[in-house]
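Structural overview for review
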Amino acid sequence: MTTPGNNGANTPEDDDPFGYLYADGQAQGGNPPRTGGGYGYPGPTVGQQQPGVPRTSYNQVRTVGERQYGQVPQQQYQGPPQQQGPPAQQYGQPTAQYAAPETYPGGAPPRQGPPPQQTGGGGRGPNTKGLLIGAVAVVAAVVIGIAVALASNSGDKDKKDDTASPGKSSSGQASQQPSTDPSASASAPADLPKDDAATLTLGGSAQVGTNVPGAKGTGGAFVGNFNNVGASVTWKPNVPKAGSYKLNLQYGIPGVDANATITTNGKAESRPMNMKNFAHSPAGDWAKGWQTTYAIVQLNKGANEIKLSCEQGNQCNFNLDQVWLTPAS
């Protein structure tokens, strides 16, 4: 009996049912023993154990070939069984195992393959020539429609141009008809007069000088010595039409304000020519006192006479460099 202190007569290695296959087991006798056990062999079979002696193996394994299993009665070979199926194959027909299903009675109907391709343009295949001719006709119709539309638009544009510009011929050359557009002369106005003060008619104590640098007149000449009643300059400009003009002056002062009387075509203006120290030039510095101003005057078409003079009540301590006209607006 196996107890905690007694593991039996044999060691666990003796329980190996395949021990006789190893080299050490075969060394015991070369062949496995039929009974008894021992190292590497199974113990006694069931029913052969001795009372009070523990089993040496719990795997009741018989040696190879010892146990006889149920015997199957041998039958005489009758040859392969006869198959029930289609009749015997004839020469030239496919064998049964490779025959297609549709070859059997009731099998699937034979599948129709695609029709053979026609080559060389014969037969009644797709009418590709007709399709090609139709496509070419559609493209031609589209091109013709576009050309007609462009020609129509071009003709309409030419008509609009002729209507908007009646003074031009259809060939694009300017006609000889005079223009009646009133803005034609205004777009290119005639140059208005501009002169050096030294070229004007002097009166009273006014005289030409060149001793102050910065004058724009020819050779740096200007008109000075205006600070006396009766000193004047007279200018006779020509204008293309009657209207309002700006009378512009280039003048110089010694850092103090000045003014003078304007007489246009024999009529004194109500407001004098204002020559203030807009540049804030330092007092007594004539060279830094050059600046510009203007006054609005009404002129006639053609020749006019403008006089700038020092009258009673005017502050005439100034030098006059240039005079010119510009449009009032």
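Higher on the page you've got the structure.
The following paragraphs examine the structure supplied in this document. As the structure is a prediction and not an experimental result, all values here were calculated from the model. (Residues numbered from 1 in each chain as written. Predicted model: local features only at pLDDT ≥ 70, side-chain atom pairs only at ≥ 80, totals over all residues. Heavy atoms only, no water.)

**Structural notes on the overall build of the chain**
Counting its secondary structure elements, the chain contains 3 helices and 14 strands. Here the chain holds 329 residues, and the buried ones make up 24% of them. Expressed as a percentage of contacts within the chain between residues at least 6 apart in sequence, the contacts between residues at least 24 apart total 69%. Accessible area for the chain stands at about 23,600 Å²; split by element, carbon and sulfur atoms hold 54% of it. (Helix = DSSP H or I, 4+ residues; strand = E, 2+ residues; numbered from the N terminus. Buried < 20%, exposed > 50% of the residue type's maximum accessible area, 1.4 Å probe, protein only. Contact = heavy atoms within 4.5 Å. Areas by Shrake-Rupley, 256 points an atom, 1.4 Å probe, with all protein chains shown as cover.)

**Comments concerning the pairing of strand 13 (residues 306-309)**
Relative to strand 13, strand 5 (residues 232-235) runs antiparallel, the two being bridged by 4 bridges. By the bridge assignment for strand 13, W235 is matched with I306. (Pairing = 2+ DSSP bridges.)

**A few points about the packing of aromatic side chains**
By convention here, two paired aromatic rings are described through the distance between centres and the angle between planes. All chains considered together, the criterion is met by 2 aromatic pairs. Taking the centre distance of 5.8 Å and the plane angle of 70° together, the rings of F222 and W290 count as edge-to-face. With F222 in strand 4 (residues 222-224) and W290 in strand 11 (residues 290-299), the pair connects residues that are 68 residues apart, well separated along the chain. Exposure class is identical for F222 and W290. Each is buried. One residue, K194, lies across the ring of W324, its end atom 4.9 Å from the ring centre. (Phe/Tyr/Trp six-rings, centres within 6.5 Å; stacked < 30°, edge-to-face > 60°. Lys NZ or Arg CZ within 6 Å of the ring centre and 35° of its normal.)

**Things to note about the environment of G203**
When you line up the elements, G203 lands in strand 2 (residues 201-203). Each C-alpha atom, one on G203 and one on S309, is 8.5 Å from the other, the two residues being 106 residues apart in sequence. In contact with G203, not counting residues within four places along its chain, are G230, A231 and S232.

**What to know about the nonpolar core**
Core analysis: the biggest nonpolar cluster contains 30 residues, and F226, F318 and L320 have the highest contact counts within it. Sorting the residues of this core by element identifies strand 5, strand 7 (243-252), strand 8 (258-264), strand 10 (273-275), strand 11, strand 13 and strand 14 (319-327) as the ones contributing at least two each. Among residues more than four places away in sequence, those in contact with L320 are A197, F222, V223, F226, V233, L249, Q250 and L308. (Core = buried A, V, L, I, M, F, W, Y, C linked by side-chain atoms within 4.5 Å.)

**A word on empty space enclosed by the protein**
Inspection of the entire model under this criterion finds 2 cavities of 30 Å³ or more. Its boundaries defined by the atoms lining it, the largest cavity holds a volume of some 70 Å³. Around the largest cavity sit L200, V233, W235, L247, L249, I306, K307, L308, L320 and V323, which together line it. Secondary structure elements with two or more residues in the lining of the largest cavity: strand 5, strand 7, strand 13 and strand 14. Residues belonging to the lining of the largest cavity are distributed by class as follows: 9 nonpolar, no polar and 1 charged. (1 Å grid on protein atoms, 1.4 Å probe; cavity = no way out; pocket = protein on both sides within 12 Å on 5 of 7 lines; lining within 4 Å. Points joined across faces, edges and corners; volume = space filled by probe spheres on them. Nonpolar A, V, L, I, M, F, W, Y, C, P; charged D, E, K, R; others polar.)

**Quick look at the side chain of N277**
With respect to the secondary-structure elements, N277 resides in the loop between strand 10 and strand 11. A distance of 3.3 Å separates a polar atom in the side chain of N277 from the backbone oxygen of G255. (Polar contact = N/O pair within 3.5 Å; in protein donor to acceptor, adjacent residues only side chain to side chain.)

**Topic: the environment of G209**
By the element assignment, G209 lies in strand 3 (residues 207-209). According to the relative accessible area criterion, G209 is buried, its value standing at 15%. Along the backbone, G209 and G220 are 11 residues apart, and their C-alpha atoms lie at a distance of 8.4 Å.

**As for the side chain of Q250**
Inspection of the secondary structure puts Q250 in strand 7. Setting aside residues up to four positions removed in sequence, Q250 forms contacts with K216, W290, Q291, T292, N319, L320, D321, Q322 and W324.

**Regarding a nonpolar patch on the surface**
Where nonpolar side chains cluster on the molecular surface, the patch consists of V138, V142, I146 and L150 and spans about 390 Å² of accessible area. Secondary-structure assignment places V138 in helix 2 (residues 128-164). Taking relative accessible area as the criterion, V138 reaches 53% and is therefore assigned exposed. (Patch = residues over 30% accessible without salt bridge, like charges linked within 9 Å, V, L, I, M, F, W, Y side chains within 5 Å. Salt bridge = Lys/Arg side-chain N within 4 Å of Asp/Glu carboxyl O.)

**Examining unusual backbone geometry**
Despite not being glycine, N225 has its phi angle at roughly 60°, a positive value. When you line up the elements, N225 lands in the loop between strand 4 and strand 5. Phi is positive for H280, which is not a glycine, with a value near 50°. Among the secondary structure elements, H280 is positioned in the loop between strand 10 and strand 11.

**Some thoughts on the environment of Y245**
Tracing the backbone shows Y245 in strand 7. Take Y245: its relative accessible area is 6%, and that puts it in the buried class. Each C-alpha atom, one on Y245 and one on V297, is 5.5 Å from the other, the two residues being 52 residues apart in sequence. Excluding residues within four positions of it along the chain, Y245 makes contact with L192, V239, P240, A295, I296, V297, L299, L325, T326 and A328. Polar side-chain contacts of Y245 include one of 2.6 Å to the backbone oxygen of K241.

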